[in-house]
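Structural characterization, general
What follows is the residue order along each chain.
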There are 2 protein chains.
Amino acid sequence: MIDRGIKVCVLRIGHRPERDKRVTTHVALTARAFGASCFVLGDVEDRSVSESLRKVCERWGCGGFEYVSGVSSVEFVNKWKSLGGSVVHLTMYGLHLDDVINTIKSSSKDLLVIVGASKVPRIFYELADFNVAIGHQPHSEVAALAIFLDRLFEGRELHLIFSDAKYYIEPSVKGKKVVRVE
Amino acid sequence: MIDRGIKVCVLRIGHRPERDKRVTTHVALTARAFGASCFVLGDVEDRSVSESLRKVCERWGCGGFEYVSGVSSVEFVNKWKSLGGSVVHLTMYGLHLDDVINTIKSSSKDLLVIVGASKVPRIFYELADFNVAIGHQPHSEVAALAIFLDRLFEGRELHLIFSDAKYYIEPSVKGKKVVRVE
């Protein structure tokens with residue numbers, strides 16, 4: 001997590017177990033690595049996602065990063081808003097990132113970032129305070145989330161380390177140097 | 001494609017059909033949407049990847065964006081280098097993006113960006129001119145590619161439109177506005 005004084009969570013909606021397990025795992029790992037405080041898998045459970053995240057946390061640390069699953073997405077969004085939080089939904093149909101990122105960054109509200117898998121029900125467009133397009137081309141919710149968090153945290157997220165990591169990487173020109181924390 | 005005077009291609013290695021088809025499709029769509037000139041699926045064919053890309057091209061355009069598959073990855077890299085091109089391999093074990101991006105940007109060589117799926121054979125670490133870490137945490141090759149191209153093209157890629165698009169999006173606060181090109 002990166003301390004901006006606010007909490008940033010990522011909510012994955014529309015996940016279809018089996019079909020989406022790898023992409024959703026990429027979304028969850030990107031949320032963790034790019035400085036979010038929590039990842040919420042809405043409406044379903046998927047052991048393969050939680051297991052991948054657990055293994056990464058065990059080796060590379062997770063600090064206070066939280067994983068939640070099986071909660072109703074709509075209820076989660078409504079509760080987030082009722083507690084004073086703000087909601088961003090990433091969609092190619094929304095307003096361009098460049099036109100809204102400064103407004104979003106200047107807010108002191110906790111931020112929920114929604115990323116969809118399959119077709120996103122209309123209610124999420126309505127519930128969102130900001131429907132944000134990471135460009136207006138179709139690509140990937142993983143790419144969209146990475147770019148959004150990168151703009152939000154201004155590149156500092158790429159230097160994130162977790163206090164409870166058992167291993168860390170020493171940058172290497174050609175090889176792999178993994179060091180065990182003493 | 002974004003005209004930087006050089007050609008940027010993305011090579012996906014280690015793709016396992018079935019298991020990786022969705023993530024590889026996300027890599028291919030990110031390559032297209034983030035300004036690369038071509039996407040190469042190394043060593044295998046996968047109709048579900050080419051079919052997804054074809055559908056996106058048909059609707060949203062692809063300009064001169066090329067799709068290649070089934071070529072030997074090692075041979076492709078060697079040929080790229082023999083033609084004077086430079087090779088970047090994205091890996092969490094490499095040098096940090098922030099420490100190498102300016103060197104990479106200042107080069108006038110065509111650029112091949114390698115992204116792996118499963119464990120990447122050692123030879124690619126050796127062949128690469130730059131092994132680049134998009135942070136030293138495990139996350140996603142889709143996120144890594146997006147951030148790399150975003151730094152390379154300095155955010156201009158998020159405004160990309162394709163001259164042969166049949167549709168374009170009009171940014172919208174709450175809804176979806178898709179306009180057919182006259």
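Going by the structure above, here's the rest.
Throughout what follows, the structure given in this document is the object of discussion.

What counts as what
Residues numbered from 1 in each chain as written. Chains lettered and ligands numbered in written order. Predicted model: local features only at pLDDT ≥ 70, side-chain atom pairs only at ≥ 80, totals over all residues. Buried ≥ 20, exposed ≤ 12 C-beta atoms within 10 Å, placed from the backbone. Helix = DSSP H or I, 4+ residues; strand = E, 2+ residues; numbered from the N terminus. Pairing = 2+ DSSP bridges. Arc of directions from axis to C-beta. Contact = placed C-beta atoms within 7 Å. Axes fitted to C-alpha atoms, helices over the stretch in contact; angles between N-to-C directions. Parallel < 35°, antiparallel > 145°, perpendicular 65-115°, else oblique. Left-handed = near helix turned anticlockwise from the far one by under 90°. Nonpolar A, V, L, I, M, F, W, Y, C, P; charged D, E, K, R; others polar. Least-squares fit on C-alpha atoms with pLDDT ≥ 70 in both.

Some thoughts on the pairing of strand S5 (residues 111-116) of chain A
Residues and elements named next belong to chain A.
- Counting buried positions over the six residues of S5 gives six, a clear majority of the element.
- Alternating residues of S5 divide into Leu111, Val113 and Val115 and Leu112, Ile114 and Gly116, and every residue in both groups is buried.
- The pairing of strand S1 (residues 8-13) with S5 spans six bridges and is classified as parallel. Bridged to Val8 within S5 is Leu111.
- Strand direction decides the pairing type here: strand S4 (residues 86-96) and S5, joined by four bridges, are parallel.

Topic: helix H3 (residues 73-82) of chain B
All names here are of chain B.
- The complete set of buried residues in H3 reads Ser73, Val77 and Trp80. Down the axis, H3 shows its buried residues gathered within 60 degrees of arc, on one side only. Relative to its buried face, H3 has exposed residues pointing more than 90 degrees away, namely Glu75 and Ser82.
- Among the structural elements, strand S1 (8-13), strand S2 (38-42), strand S4 (86-96), strand S5 (111-116) and helix H5 (122-127) are those in contact with the buried residues of H3.
- Looking one or two residues past H3, Gly84 carries a phi angle of roughly 95 degrees, positive in sign.

Quick word on the packing of helix H1 (residues 21-33) of chain B against helix H2 (residues 47-60) of chain B
Residue and element names in this part refer to chain B.
- H2 packs onto H1 with a crossing angle of 40 degrees between their chain directions and a minimal axis gap of 9 Å. On the basis of the axis angle, H1 is oblique to H2. Here H1 and H2 pass one another in a crossing that is right-handed. Contacts between H1 and H2 involve Lys21, Thr24, Thr25, Ala28 and Leu29 on the former and, on the latter, Ser48, Val49, Ser52, Leu53 and Val56.
- Among the residues forming the contact of H1 with H2, the class breakdown is five nonpolar, four polar and one charged.

Re the relation of the copies chain B and chain A
- Structural alignment of chain B on chain A gives an RMSD of 0.0 Å, achieved by rotating through 180 degrees and translating 0.0 Å along the axis. Such a turn and shift between the copies fits a two-fold axis. Taking C-alpha positions as reference, the residue of chain B nearest the rotation axis is B:Ala143, located at 2.3 Å.
- A share of 100% of interface residues in chain B that are also interface residues in chain A marks the association as one of identical surfaces.

A closer look at the sheet that holds S1(B)
Residue and element names in this part refer to chain B.
- Reading across from one edge, S3-S2-S1-S5-S4-S6 is the order of the six strands in this open sheet, with parallel pairing throughout. Sheet topology places strand S3 (66-71) and strand S6 (130-133) at the edges, where each strand pairs with a single neighbour. Neighbour to neighbour, the strand axes of the sheet diverge by 30 degrees on average, direction disregarded.

Focus on the interface of chain B and chain A
- Taken together, the 42 residues of chain B in the interface contact 42 residues of chain A.
- Going through the elements one at a time, H1, H2, S4, helix H4 (97-106), H5, S6 and helix H6 (141-153) of chain B are the ones with two or more residues in the side of chain B that touches chain A.
- Element by element, the count of residues in the side of chain B that touches chain A is highest for H1(B), at six residues.

Here's the deal with unusual backbone geometry
- Positioned with a positive phi, A:Glu154 is a non-glycine residue whose angle comes to about 55 degrees.
- Positionally, A:Glu154 belongs in the loop between helix H6 (141-153) and strand S7 (167-169).

A short note on the packing of helix H1 (residues 21-33) of chain A against H6(A)
Residues and elements named next belong to chain A.
- Interaxial distance between H1 and H6 falls to 9 Å at its minimum, and their mutual angle equals 5 degrees. One finds that H1 runs roughly parallel with respect to H6. Contacts between H1 and H6 pair Val23, His26, Val27, Thr30 and Ala31 from the former with Glu141, Val142, Leu145 and Ala146 from the latter.
- Partitioning the contact of H1 with H6 into residue classes produces six nonpolar, two polar and one charged.

Side note on the sheet that holds S1(A)
Residues and elements named next belong to chain A.
- Strand order in the open sheet made by the six strands is S3-S2-S1-S5-S4-S6, with parallel pairing throughout. Sheet topology places strand S3 (66-71) and strand S6 (130-133) at the edges, where each strand pairs with a single neighbour. Each neighbouring strand pair of the sheet contributes to a mean axis angle of 30 degrees, computed without reference to strand direction.
- Inspection of the sheet shows strand S2 (residues 38-42) paired to S3 by five bridges, in the parallel sense. Directly across from Leu41, in S3, lies its bridge partner Ser69.
- The strands that helix H4 (residues 97-106) touches are S4 and S6; relative to S4, the one it contacts most, it runs at about 165 degrees.

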